[in-house]
Amino acid sequence: MSLQATIAKLLLKLPASWKVKMAGGDPVILGGRTLDPNFQFLAHGAASQPPMSSLEPEVAQAGAIEGLAMFAAKPEPGVSWEDTTIPGPGTHHIPVRIYRPAEQNPMAPMLAYWHMGGGVILDIEACHAFCSMISKIAQCPVVSVDYRLAPQHKFPAGLEDCIAAYDWTLKNAEAYGAPAGRAAIGGDSMGGNFSAVIAQEATRRGMPKPDLQLLLYPATDLVTEFESATTYGETYPLSTDTMQWFMQQYLPEEFDRANVLLSPAQETRLEGLPPAIIATAGFDPLVDDGAAYAKKLEAAGVNVTFKCYDNLAHGFTAFTAVAPAAREACIEIAGMVRDAYAAL
Amino acid sequence: MRALVCHALSDDFSGVEVREVPVPEPGPGQVRIKVRATSINFPDLLLCRGKYQLKLEPPFTPGMDIAGTIDALGEGVDQFDLGDEVCGGARFGGFAEYALVSADGLQKKPSSMSFDEAASYSAAYLTAYVSLVRRGRLEAGETLLVHGASGGVGMAAVDVGKLLGATVIATGGSDEKLAKVKAYGADHVINTADGFRTKVKDLTNGRGADVIYDPVGGDVFDESVRCIAFDGRLLVIGFTSGRIANVATNMPLIKGFSVVGVRAGEYGRQFPDRGRENVKQIWDWARAGKTRPYVHATLPLEQTIDGFRQLQNRQVVGKLIITP
């Protein structure tokens, strides 16, 4: 661990009132929500950094991986993992990390998981701790997918990797001790977008539907202008400016943002979609997006478990070492997966 | 270049083979496409037998649903550039390394579709659209019965029917293939081995189906007359069964239904404005990610005749692709 990271972690052990003092003096209250003091402290420190949209994509990509590494917890004991590759579209091979819990429930479907990062930044390290938590608590194997990123690989390359990984999971779940021919899917942020898209796209491609879609602070509607994009437009770690920059990198020219492969909330056929767990973060331009999609799915008769973590910020699954409330939320979410599996 | 050439009309495709022919030069309004994928449609088979509405004098190259990149521009073509990824419909010429296509009939390939998918789209979805929207006037909440559902035009009708908000009942002769139709979105599937009339009635509270999409004909048409709703529309798409059915005209009168013939391509030639609207609508759907054709498999050009036979013998679910 770098000296910088060590100092950051030591500072985060200070009492909450000290952190608030060091980060401006007053608690941050926006839209009736109060930001977790640890996130306030981190946001204060990050405020002096240049916005991601001012960086070259390669610089942003390298910086994001390094920047996030200091906040993630260690993986859970009792879960092992291996890094390998699986066949992707065409000749591409997709790097993946496969987690297996020491105590596995043979009835629990294998989960394919896609990490956050706007389709532009980060890799499977971003969700390493969280995937181990799901694997342990939901007692299932998890395959975490290192899909291709933009701008080097624009839409739909990353999505197609994730669809190929879903297909692989259906075909290989049995080899990992999970029910054959079935799979659950999940992801956070852009990964939540992929999950919502693939839950629909499975039917458009005539593939089996996933058993469960886990959508964490997802982007599901790039057309509608939600109030939260303004209220929480300047929050850390995701600002509306950064989101727009992600989309510039991710999408081909003249792309219609109402395309349901980008904005699954624009799909009119929502009946019959798999059960959904949707969790949002209060301090997030996307908080209204996830809530709106939860309502749409419920209106279409889909079984939805919804929770907003009001005091947390976007990306909280990667902050479990530095924000105890983020860790508690992740444990609770993994428990929702376990409960959803029990109800299958 | 290599091209599939029909040099003599024949029932068993003995008059069709891959030959070396000159690369064609585009005329005014045409572009030359370096073909990446061409899908097989039932009319391709009929064309080689001399049994399609369109009669071509051999030698000719069949293949009407093409996707590839633009390789040369004919005079007066300014809406495309060399290298553009395009797809769309011609009436023939697609089973070759290069094909000439009228620029009017081309679309930019949607970025979310593969070449295989793009080549599977035009004919099947235009047929489904003209059938269900223009001729069948299918409305949300109505029940659509799709016969031969696992075929290329059948799968497209299932997809478009669901998109239009209908309840879709799909029929076919194989449980294995029907499982794929169900996964593709059909609300109900019926294996026609024991007939379908009673099951359709059961699924519609005795009313019958509002719109019936029938590319099969023969016995399937006859039984459809027995399970169509009052004010229903029985769409005649084709006769893959090989028998053209007859209906006594007292039946449409007593049961209050219509028998409606569908010619998707001819519709656009008769009504050019509506034809353009049809084409625009199906590609708008594709570009919005809402529709995706079902691709069964991909074969090399040399196996096109095998592909024709697979289609003939109903071994294909959705579309079969030829790559040169």
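Just so you know, these numbers come straight off a predicted model, no measurement behind them. (Residues numbered from 1 in each chain as written. Chains lettered and ligands numbered in written order. Predicted model: local features only at pLDDT ≥ 70, side-chain atom pairs only at ≥ 80, totals over all residues.)

## A look at the interface of chain B and chain A
Next, step 1: Taken together, the 14 residues of chain B in the interface contact 16 residues of chain A.
Next, step 2: Split into classes, the residues belonging to the side of chain B that touches chain A amount to five nonpolar, four polar and five charged. (Contact = placed C-beta atoms within 7 Å. Nonpolar A, V, L, I, M, F, W, Y, C, P; charged D, E, K, R; others polar.)

## Looking at the domain arrangement of chain A
It is common to report an interface's size as the accessible area lost on association of the parts.
Residue and element names in this part refer to chain A.
Next, step 1: Taken domain by domain, chain A consists of domain 1 (3-65) and domain 2 (67-342).
Next, step 2: Once you take the C-alpha centre of each, domain 1 and domain 2 turn out to be 24 Å apart.
Next, step 3: The interface is formed by 24 residues belonging to domain 1 together with 28 residues belonging to domain 2.
Next, step 4: Of all the secondary structure elements, the ones that give two or more residues to the side of domain 1 that touches domain 2 are helix H1 (3-12), strand E2 (33-34), helix H3 (37-46) and helix H4 (57-69).
Next, step 5: Residue contributions to the side of domain 1 that touches domain 2 peak at six residues, all from H4. (Domains from an automatic or database assignment. Helix = DSSP H or I, 4+ residues; strand = E, 2+ residues; numbered from the N terminus.)

## Observations concerning unusual backbone geometry
The general pattern is negative phi for most residues beyond glycine and trans for most peptide bonds.
Residue and element names in this part refer to chain A.
Next, step 1: The omega angle of the peptide bond from alanine 150 to proline 151 is 5°, so this bond is cis rather than trans.
Next, step 2: Of note, proline 151 is situated in the loop between strand E6 (142-145) and helix H6 (157-172).
Next, step 3: Here glutamine 139, not a glycine, exhibits a phi torsion of approximately 55°, which is positive.
Next, step 4: Tracing the backbone through its elements, the reader meets glutamine 139 in the loop between helix H5 (128-137) and E6.
Next, step 5: Positive phi, close to 60°, is recorded for serine 189, a residue that is not glycine.

## Points about the domain arrangement of chain B
All names here are of chain B.
Next, step 1: The domain architecture assigned to chain B consists of domain 1 (2-121 + 293-323) and domain 2 (127-266).
Next, step 2: Each of domain 1 and domain 2 has a C-alpha centre, and these two points are 28 Å apart.
Next, step 3: Between domain 1 and domain 2, the contact holds seven residues from the first and nine residues from the second.
Next, step 4: Here the residues of the side of domain 1 that touches domain 2 are counted per class, giving four nonpolar, two polar and one charged.

## Considering the nonpolar core
Next, step 1: Counting residues in each nonpolar core, the largest one holds 111 residues, and the members touching the most others are Ile134, Val145 and Cys162 of chain A.
Next, step 2: There are two domains that each give this core at least three residues, and those are domain 1 (3-65) and domain 2 (67-342) of chain A.
Next, step 3: Those residues in contact with cysteine 162 of chain A that lie beyond four places of it in its chain are Trp114, Val145, Tyr147, Phe194 and Ile198 of chain A.
Next, step 4: Within the second largest apolar cluster, 97 residues are counted, among which are Cys6, Val16, Met113 and Val316 of chain B. (Core = buried A, V, L, I, M, F, W, Y, C linked by C-beta atoms within 7 Å. Buried ≥ 20, exposed ≤ 12 C-beta atoms within 10 Å, placed from the backbone.)

## So, the packing of helix H3 (residues 122-135) of chain B against helix H4 (residues 152-163) of chain B
All names here are of chain B.
Next, step 1: Taken N-terminus to C-terminus, the directions of H3 and H4 make an angle of 55°; their axes are 8 Å apart at the nearest point. The orientation of H3 relative to H4 falls into the category oblique. Between H3 and H4 the crossing geometry is right-handed. Residues Ala124, Tyr125, Thr127, Ala128, Tyr129, Ser131 and Leu132 of H3 lie in contact with H4, whose contacting residues are Gly152, Val153, Ala156, Ala157, Val160 and Gly161.
Next, step 2: Looking at the contact of H3 with H4, its residues break down into nine nonpolar, four polar and no charged. (Axes fitted to C-alpha atoms, helices over the stretch in contact; angles between N-to-C directions. Parallel < 35°, antiparallel > 145°, perpendicular 65-115°, else oblique. Left-handed = near helix turned anticlockwise from the far one by under 90°.)

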